[in-house]
Amino acid sequence: EKGGYATFMEKEIHEQPHAVADTLLGRTDEDGRLTLDEVRIDEEELRAVDRIVIVACGTAAYAGMVAKYAIEHWARIQCEVELAHEFRYRDPVLTPHTLVVSISQSGETMDTLMAVKHARSLGAKTVSICNTHGATIPRESDAVLYTHAGPEIAVASTKAFLAQITACYILGLYLAQLHGGAGARNAEEVMRQLQEVPAKITDVLGRMDRVKEIARFMADTRSVLFLGRHVGFPVAMEGALKLKELAYIHAEGFAAGELKHGPIALIEPGQPVFVVVPSPSSPHNLHDKVVSNIQEIRARGARTLVIAEDGDEAVVPFADEVIRVPQAWWMLDPLLTVVPLQVFACELATAKGLDVDQPRNLAKSVTVE
Ligand code: F6R
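The paragraphs below set out a description of the structure included in this document. Model, not experiment: these values are computed from the prediction.

**Side note on the packing of aromatic side chains**
Here a ring pair, both rings aromatic, is described through the centre-centre distance and the interplanar angle of the planes. Tallied over the full model, the rule gives five aromatic pairs. Seen from their ring centres, Phe226 and Phe274 are 5.2 Å apart, and the 10° between their planes marks the pair as stacked. Of this pair, Phe226 sits in strand β7 (residues 223-228) while Phe274 sits in strand β9 (residues 272-276), and the two are 48 residues apart along the sequence. Relative accessible area serves as the criterion here: at 1%, Phe226 is assigned to the buried category. Taking the centre distance of 4.7 Å and the plane angle of 65° together, the rings of Phe274 and Phe344 count as edge-to-face. On the criterion of sequence distance, the pair formed by Phe274 in strand β9 and Phe344 in helix α14 (residues 334-351) is long-range, its members being 70 residues apart. Each member of the pair, Phe274 as well as Phe344, is classed as buried. Ring pairs connect the aromatic residues Trp74, Tyr169, Trp329 and Trp330, which therefore count as one cluster. We note Arg360 situated over the ring of Tyr248; from NZ or CZ to the ring centre the distance is 3.8 Å.

**What about the sheet that holds β9?**
With parallel pairing, five strands are arranged side by side in an open sheet as β8-β7-β9-β10-β11. The open sheet terminates on both sides in strands that have one partner only, identified here as β8 (250-255) and β11 (321-325). Sheet twist, expressed as the average angle between the axes of neighbouring strands with direction ignored, equals 20°. Here strand β10 (residues 303-309) pairs with β11 via five bridges, running parallel. Each bridged residue has a counterpart across the sheet, and for Val306 the counterpart in β11 is Val322. Of the strands in this sheet, β7, β9 and β10 touch helix α13 (residues 286-299), which is tilted by about 175° from β9.

**So, the site of the ligand**
The local shell around the ligand holds 14 residues, among which Ser104, Gln105, Ser106, Thr109 and Glu245 are the closest. The contact in question runs from an oxygen atom of the ligand to an N or O atom on the side chain of Ser104, over 2.6 Å. Bound to the protein, the ligand loses 88% of the 400 Å² it would expose on its own. Counting only elements with at least two residues in the shell around the ligand, the list comes to α4 (58-75) and α12 (232-247). If one sorts the elements of the shell around the ligand by residue count, α4 sits on top with three residues. Across the shell around the ligand, the residue classes tally to four nonpolar, eight polar and two charged.

**Side note on the pairing of β10**
A regular strand carries its side chains on alternate faces of the sheet. Counted residue by residue, β10 has six buried out of seven residues, so it is predominantly covered. For β9 and β10, the ladder comprises five bridges, and the chain directions are parallel. When the sheet's bridge partners are listed, Val275 is paired in β10 with Val306. In this fold, the crossover linking β9 to β10 by way of α13 has right-handed handedness.

**A look at the pattern of salt bridges**
For side chains bearing opposite charge, pairing can occur when the charged atoms are close. Tallied over the entire structure, the rule returns 22 salt bridges. When the shortest N-O distance is used, the salt bridge between Lys68 and Glu72 registers 3.6 Å. With a gap of four residues between them, Lys68 and Glu72 both fall in helix α4, about one helical turn apart. For Lys68, a relative accessible area of 28% corresponds to the partly exposed category. On the accessibility criterion, Glu72 (25% relative accessible area) is partly exposed. A salt bridge links Lys242 to Glu238; the nearest nitrogen and oxygen atoms lie 2.5 Å apart. Taken together, the residues span about one helical turn, with Lys242 and Glu238 both in helix α12 at a distance of four residues. The buried category is assigned to Lys242, whose relative accessible area is 0%. Relative accessible area serves as the criterion here: at 0%, Glu238 is assigned to the buried category. One salt-bridge network, held together by shared partners, links Lys11, Glu15 and Lys159.

Conventions and cut-offs
- Residues numbered from 1 in each chain as written.
- Predicted model: local features only at pLDDT ≥ 70, side-chain atom pairs only at ≥ 80, totals over all residues.
- Heavy atoms only, no water.
- Phe/Tyr/Trp six-rings, centres within 6.5 Å; stacked < 30°, edge-to-face > 60°.
- Helix = DSSP H or I, 4+ residues; strand = E, 2+ residues; numbered from the N terminus.
- Buried < 20%, exposed > 50% of the residue type's maximum accessible area, 1.4 Å probe, protein only.
- Lys NZ or Arg CZ within 6 Å of the ring centre and 35° of its normal.
- Pairing = 2+ DSSP bridges.
- Axes fitted to C-alpha atoms, helices over the stretch in contact; angles between N-to-C directions.
- Contact = heavy atoms within 4.5 Å.
- Near = heavy atom within 4 Å.
- Polar contact = N/O pair within 3.5 Å; in protein donor to acceptor, adjacent residues only side chain to side chain.
- Areas by Shrake-Rupley, 256 points an atom, 1.4 Å probe, with all protein chains shown as cover.
- Nonpolar A, V, L, I, M, F, W, Y, C, P; charged D, E, K, R; others polar.
- Right-handed = clockwise from strand over helix to strand, strands pointing away.
- Salt bridge = Lys/Arg side-chain N within 4 Å of Asp/Glu carboxyl O.

The structure is reproduced here in structure tokens:
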């Protein structure tokens, strides 16, 4: 049942190319327009949306953070992301023109379900991104976009996360199309580039020997930091979460730009820091800014574990380890850069003799508040 892998998590990590490819399947109608799976509101109402609030928990919320960049960039609709359990109880301001997008692998997470119900009771429209057909959250929503990651057994989410990010890109392009945003003109090109991602993930998975070796050497590490910027910021957060929940190691993810506002004080000689480097093709020189961050922490003794694109030589002088991923358009980077972090956490937990499929204190589906 584990398809030759020692754990479900390893199997699911290797299923990621399929999860992305299957989530991309059948998204356009005969006129080449993007579609959702179920739409129980009329398109006029979706067209009138002037604000988006994404609600989710844990890993799904990190997919939502990636979605914010994509939706605002393509659809030019204001978008915010909030943890579902915080959203619900802070008296959120919603109107009939607010679209609340929930993201949930299980479709049964109580916090997320309650947020969706609350949003509907206040008159907002709701879209669900979900991996489980007919689950409660999609049934409670006005529209649904299913991820096709297949059943996820390991408690820690991997393939569902990549499928969620993929679905978020599709939603961003769909909304751009409805709103006639600039992204609509590029939708075909973005979809074409997304189609190339599964093969690139397979490529990343084929390069993991060194990452696993590093993980095994680090089995006694007490703390690991993760830095990222732009769409790499949620990747850093996810890398830290995976390490906490699987290997029970203290880990924190930061936005690289935040470093000098406090976290740099944590850097002492030998402190391992993963840095998710934006593609050199990223806008606003973000790549160079993050390279400067690597330089700053290295000068203070950090051990830098750098995830960078093939051909990005600028990182080399400041990296103790360079973990390479294939080149991709910067917006799509998270689908590649998160994979080494998943493998790292899984391998380190395995080296510590821990049960990676069933980490302590956690349940796959959190159906209580
Ligand atoms: C982390 C993880 C959790 C879930 C979260 C939401 O590996 O699996 O953080 O992402 O509990 O679950 P769903 O997506 O089912 O709502």
